[in-house]
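Observations on the three-dimensional arrangement
Listed below, chain by chain, are the residues.
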Amino acid sequence: MPEVARKIEADLRPYLRIFYDDKGAVGRRYRRMDEVGTPFCITVDTQTMEDQTVTVRERDSMEQVRVSIDKLLLFLLEKLR
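Below is a short write-up of the structure. Counting restarts for each chain: residues are numbered from 1 in the order of the written sequence. Only residues with pLDDT of 70 or above have their local features reported here, since the model is predicted, and side-chain atom pairs are shown and tallied only from 80 upward, although totals for entire chains, interfaces and linings are computed over all residues. In computing side-chain properties, one takes all heavy atoms of the structure into account and sets aside hydrogens as well as water.

1. Some thoughts on the pairing of strand β3 (residues 64-68)
- By the convention used here, strands pair only if DSSP detects at least 2 bridges between them. A run of H or I in DSSP counts as a helix once it spans at least four residues, and a run of E counts as a strand once it spans at least two, with each numbered from the N terminus. Across 5 bridges, the pairing between strand β2 (residues 53-58) and β3 is antiparallel. The residue of β3 that forms the bridge with T55 is R66.
- In textbook terms, the turn of a hairpin is the stretch between consecutive antiparallel strands, and for β2 and β3 this stretch comprises 5 residues, one of which, M62, has a positive phi near 60 degrees.

Following this line, the structure appears as structure tokens:
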């Protein structure tokens with residue numbers, strides 16, 4: 001589902017520092033991002049195609065929540081405040 005992920009990347013890039021990664025398993029991606037200090041990871045998966053939501057994982061708590069794509073920017077800006 002790279003086309004959905006790339007659209008999200010393009011939509012967020014004017015407002016946030018974004019790094020796109022599609023290499024390896026999700027767990028390994030999370031660990032790589034944890035190591036470099038990325039505060040949030042966004043995962044596009046099969047559920048995204050059904051309901052237009054993504055998983056947002058917070059580095060510090062490792063909490064994962066589903067967020068609607070159209071509310072993603074506001075959600076992240078609020079969390080980063």
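Okay, back to it.
2. Let's talk about the sheet that holds strand β1 (residues 40-43)
- Pairing is antiparallel across the open sheet formed by 3 strands, whose spatial order is β1-β2-β3. Single-partner strands in this sheet number two, and they are β1 and β3. On average, each strand axis in the sheet is tilted by 30 degrees relative to the strand beside it, whichever way the strands run. Inter-axis angles, ranging from 0 to 180 degrees, are taken between N-to-C directions of lines fitted to C-alpha atoms, where helices are fitted over the stretch in contact.

3. Considerations on the environment of F40
- Relative to the elements of secondary structure, F40 occurs in strand β1.
- Given the relative accessible area of 15%, F40 is considered buried.
- Whether two residues touch is decided by their heavy atoms; if any such pair falls within 4.5 Å, the residues are in contact. Discounting residues that sit within four places of it in the chain, F40 has contacts with V56, R57, E58, L76, K79 and L80. Note on exposure labels: buried denotes an accessible area under 20% of the residue type's maximum, exposed denotes more than 50%, and partly exposed covers the range between, all computed with a 1.4 Å probe on protein chains only.

4. Let's talk about the packing of aromatic side chains
- Side-chain rings of Phe, Tyr and Trp (the six-membered ring for Trp) are treated as a pair once their centres are within 6.5 Å; stacked means planes under 30 degrees apart, edge-to-face means over 60, and tilted covers the remaining angles. Evaluation of the coordinates by the stated rule reveals 0 aromatic pairs.
- The criterion for a charge sitting over a ring is simple: Lys NZ or Arg CZ within 6 Å of the ring centre, and within 35 degrees of the ring normal. Across from the ring centre of Y20, 3.6 Å away, lies the NZ or CZ of R6, which sits over that ring.
- In this structure, R57 is placed above the aromatic ring of Y30, and the distance from its NZ or CZ to the ring centre is 4.6 Å.

5. Brief notes about helix α2 (residues 26-36)
- Among all positions in α2, only Y30, M33 and D34 are buried. Angularly, the buried residues of α2 cover 105 degrees about the axis, an arc narrow enough to put them on a single face. What points out from α2, more than 90 degrees from its buried face, is the exposed set R28, E35 and V36.
- G37 occupies a position one or two residues after α2 and carries a positive phi of about 90 degrees. This arc corresponds to the set of directions leading from the helix axis out to the C-beta atoms.

6. Quick word on the pattern of salt bridges
- In the sections that follow, a salt bridge refers to a side-chain nitrogen of Lys or Arg positioned within 4 Å of a carboxyl oxygen of Asp or Glu. This model, assessed by the stated rule, comprises 10 salt bridges.
- The partner of R13 in a salt bridge is E9, and the shortest N-O contact between them spans 2.6 Å.
- On the accessibility criterion, E9 (12% relative accessible area) is buried.
- As a salt-bridge pair, E78 and R81 come within 2.9 Å of each other at their nearest N and O atoms.
- Note on R81: relative accessible area 76%, which makes it exposed.

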